[in-house]
Each structure stands twice: as structure tokens, then as C-alpha cells.
Amino acid sequence: MYVETLYINASGIIYIGTSGDETLMSCSAVSDVYVTLKRSEPAADMIFSTLLAAQMADKKVHIRTVDKSVGCKIAYVTLDKQ
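Residues numbered from 1 in each chain as written. Predicted model: local features only at pLDDT ≥ 70, side-chain atom pairs only at ≥ 80, totals over all residues. Heavy atoms only, no water.

Caption draft 1: Seen up close, the pattern of salt bridges. Following the criterion strictly, the structure yields three salt bridges and no others. Asp45 is the partner of Arg39 in a salt bridge, and the nearest nitrogen-oxygen pair spans 2.8 Å. One salt bridge connects Asp67 with Arg64, and the closest N-O pair in it is separated by 3.4 Å. For Asp67, a relative accessible area of 43% gives the class partly exposed. The class of Arg64 is partly exposed, set by a relative accessible area of 31%. (Salt bridge = Lys/Arg side-chain N within 4 Å of Asp/Glu carboxyl O. Buried < 20%, exposed > 50% of the residue type's maximum accessible area, 1.4 Å probe, protein only.)

Caption draft 2: The state of the cysteines, seen in detail. This structure, assessed with the given rule, holds one disulfide. Covalent S-S linkage joins Cys27 and Cys72, the inter-sulfur distance amounting to 2.0 Å. Of note, the bridge from Cys27 to Cys72 carries an S-S torsion of about 100 degrees and is right-handed in sense. Of the two residues, Cys27 is situated in the loop between strand 2 (13-18) and strand 3 (34-38) and Cys72 in the loop between strand 4 (62-65) and strand 5 (74-78); the sequence distance between them amounts to 45 residues. (Disulfide = S-S within 2.5 Å. Helix = DSSP H or I, 4+ residues; strand = E, 2+ residues; numbered from the N terminus.)

Okay, here's the thing in C-alpha cells:
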């Protein structure tokens, strides 16, 4: 899927909208649209950098979320050479 939206609020939560259907995920997406990444997470900078790079390069990215998490918390992302 592609990263279509990166929305960062002042409290340090990054909302990520993708080209996929977030309602089909095994978690509760925010507004049925966004997965989330808290800036306070240990790898948040690296995950955000990867998502931003994928968006800027128009590359597909795989986002794995924590099952049954509220807000579809990101567990990890992968970006392959395409």
C-alpha cells in the first residue's frame, strides 16, 4: 500500500492514511482511516522516516499493526526496493 497522508498533531501522535482499506485490519483504525504512531515510541523516528521516504518516493510500504489495538498502533514497517 502507499502512504497517502501523514498527519502529525501537537501532542505527538502521527496519523497515517494509506491507499489500503483500514477497516479490514485486525485493529480499530482512527475514524476508520488512520493507523497511529506515538512520537514517544522508541523507534518512532525511524518508522516515521521510513514512511516519509516511501511517501516522497511513491513506493509501496508494508505496515504491521498490533492486533486488536485501539488506533491501530504500528508494530513495524517494511520498505522494499521496487
